[in-house]
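One letter stands for each residue in the lines below.
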Amino acid sequence: MKLAALLEEAESRKIAFIGQPGAGKSSLLLKLTNGKCEPKPNIGQGTDTTDWSSGREPVWYHLYNGTYFIDTPGYDTKAHPLRSYREYFPFQNVDAIVFVIRGKIHQSDEDMFRLIMDKSKCTSTVVLVRGYAEDLTEEDRKSLEQEFNEKFKLKRYHVSLIFVSNRLGEGITELQSLLNI
Ligand SMILES: Nc1nc2c(ncn2[C@@H]2O[C@H](COP(=O)(O)OP(=O)(O)OP(=O)(O)O)[C@@H](O)[C@H]2O)c(=O)[nH]1
Ligand SMILES: [Mg+2]
């Protein structure tokens, strides 16, 4: 696959965004790069906006300050099933993975998290982002943190959890400093 070859060759740092359709990956990429990455990612009104399955050559990465940002399509769809990530996505060639969750945790999210942990073999930094945080109360956050810890074993894997709102900007500075952007 072309992406794998490209990432293997590139000496710059690489940060990938992975999550369900509409989780807010492309919006987060734009925020983290202060709206300046090139090319700009497409932000959707609905889901499946970032698409690697069409016949056209997809945009594999977005550049900002010498870092490659890889904005993956939402997983667990007909066009981008989990197995396509298992087979083709070069997890081992990225330096950091931002795993974005929006709402309820699905079995496919647990499967994807396991895949990330297995494939990246702890060589990359993994951060769990809970998006749409502007709607969450303190209580919500506490129970989500507990649920994430149980389902994803964040402590065991040393994965940080960050609440982010792309709408209000919450969590962006924290994530930038964690990822050294
Ligand atoms: N309120 C709110 N809306 C958000 C947030 N993040 C993203 N959105 C909106 O959610 C929609 C989808 O956002 P995208 O960034 O395109 O989501 P994506 O994960 O890249 O989606 P795909 O590429 O289709 O997988 C857009 O209308 C965004 O404006 C957030 O934190 N809060
Ligand atoms: Mg997208």
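Rules of the game
- Residues numbered from 1 in each chain as written.
- Chains lettered and ligands numbered in written order.
- Predicted model: local features only at pLDDT ≥ 70, side-chain atom pairs only at ≥ 80, totals over all residues.
- Heavy atoms only, no water.
- Helix = DSSP H or I, 4+ residues; strand = E, 2+ residues; numbered from the N terminus.
- Rg over C-alpha atoms; globule rule 2.2 N^0.38 Å.
- Buried < 20%, exposed > 50% of the residue type's maximum accessible area, 1.4 Å probe, protein only.
- Contact = heavy atoms within 4.5 Å.
- Areas by Shrake-Rupley, 256 points an atom, 1.4 Å probe, with all protein chains shown as cover.
- Lys, Arg positive; Asp, Glu negative; His and termini not counted.
- Charge placed at Lys NZ, Arg CZ, Asp CG, Glu CD.
- Pairing = 2+ DSSP bridges.
- Axes fitted to C-alpha atoms, helices over the stretch in contact; angles between N-to-C directions.
- Core = buried A, V, L, I, M, F, W, Y, C linked by side-chain atoms within 4.5 Å.
- Salt bridge = Lys/Arg side-chain N within 4 Å of Asp/Glu carboxyl O.
- Phe/Tyr/Trp six-rings, centres within 6.5 Å; stacked < 30°, edge-to-face > 60°.
- Lys NZ or Arg CZ within 6 Å of the ring centre and 35° of its normal.

Visitor: Looking at this structure, I do not really get the overall build of the chain. What am I missing?
Guide: Scanning the chain for helices and strands turns up 7 helices and 6 strands. Moving toward the C terminus, one meets the helices and strands of the chain in the order α-β-α-β-β-α-β-α-β-α-α-β-α. Taking 181 residues into account, the globule formula puts the C-alpha radius of gyration at 16 Å, and the chain, at 15 Å, falls close to it. Principal-axis analysis of the C-alpha atoms places the extent of the chain at approximately 45 × 30 × 30 Å. Looking at the chain residue by residue over its 181 residues, the buried ones come to 49%. Restricting the contact set of the chain to residue pairs at least 6 apart, pairs at least 24 apart contribute 71%. In the form shown here, the chain has an accessible surface area of approximately 9,500 Å², with 46% of it arising from carbon and sulfur atoms. Charge centroids of the chain, computed over 24 positive and 25 negative side chains, lie 1 Å from each other.

Visitor: Would you mind going over the sheet that holds strand S2 (residues 62–64) with me for this structure?
Guide: Hydrogen bonds along the backbone pair up the strands of a sheet, which may run parallel or antiparallel. The 6 strands are arranged S2-S3-S1-S4-S5-S6 in an open sheet whose pairing can be described as mixed. In this open sheet, the two edge strands, each paired with only one partner strand, are S2 and strand S6 (160–163). When strand polarity is set aside, the average angle formed by the axes of neighbouring strands in this sheet is 25°. In terms of strand pairing, strand S4 (residues 96–101) meets strand S5 (residues 125–130) through 6 bridges, oriented parallel. Residue pairing across strands places Ala96 opposite Thr125, the latter belonging to S5.

Visitor: Hey, could you run me through unusual backbone geometry in this one?
Guide: Of the consecutive residues Glu38 and Pro39, the connecting peptide bond is found in the cis state with omega at -5°. One non-glycine residue, Asn65, lies in the positive phi region at around 50°. Residue class for Asn65 comes out exposed when judged on its relative accessible area of 65%. The residue Asn180 is not glycine, and still its phi comes out positive at about 60°. Tracing the sequence through the fold places Asn180 in the segment after helix H7 (172–179).

Visitor: In this structure, what is going on with the nonpolar core? I would like to understand it.
Guide: In globular proteins that are soluble, nonpolar side chains generally tend to be buried together. In this structure, Phe89, Phe99 and Met112 are the most contacted members of the largest nonpolar core, which totals 33 residues. Of all the elements in the fold, those that place two or more residues in this core are helix H1 (2–9), strand S1 (14–19), helix H3 (82–88), S4, helix H4 (107–120), S5, helix H5 (138–152) and S6. Discounting residues that sit within four places of it in the chain, Phe99 has contacts with Ile18, Tyr75, Asp109, Met112, Phe113, Ile116, Val127, Leu128, Val129 and Phe152. Listed in part, the 19 residues of the second largest apolar core include Ile15, Phe17, Cys37 and Leu175.

Visitor: Any chance you could explain the pairing of S4 here in plain terms?
Guide: Consecutive side chains of a regular strand alternate in pointing toward one face of the sheet and then the other. Taken across its 6 residues, S4 has 6 buried, putting it largely inside the fold. In S4, alternate side chains face the same way, and those of Ala96, Val98 and Val100 on one face and Ile97, Phe99 and Ile101 on the other are all buried. As judged from the 5 bridges shared by S1 and S4, these two strands associate in the parallel manner. In the sheet register, Ile15 faces S4, and the bridge partner there is Ala96.

Visitor: Explain the pattern of salt bridges here, please?
Guide: Oppositely charged side chains may form a pair once their charged atoms are brought near each other. Enumeration according to the criterion identifies 5 salt bridges in this entry. In this structure, Lys40 and Glu38 form a salt bridge, with 2.6 Å as the shortest nitrogen-oxygen distance. Measuring nitrogen to oxygen at the nearest pair gives 3.5 Å for the salt bridge that ties Glu134 to Arg167. Of this pair, Glu134 sits in the loop between S5 and H5 while Arg167 is found in the loop between S6 and H7, placing the two residues 33 residues apart along the sequence.

Visitor: Any chance you could explain the packing of aromatic side chains here in plain terms?
Guide: For any pair of aromatic rings, the description consists of the separation of the ring centres together with the inter-plane angle of the planes. By the definition in use, this model includes 11 aromatic pairs. Aromatic pair Tyr85 and Phe89: ring centres 6.4 Å apart, planes at 40°, arrangement tilted. One exposure class covers both Tyr85 and Phe89, and it is buried. Connected via pairs of aromatic rings, a cluster forms that spans Tyr75, Tyr85, Phe89, Phe91, Phe99, Phe113, Phe148, Phe152 and Tyr157. Its end group placed over the ring of Phe163, Arg141 keeps NZ or CZ at 5.2 Å from the ring centre.

Function-wise, these values are silent; they only describe arrangement.
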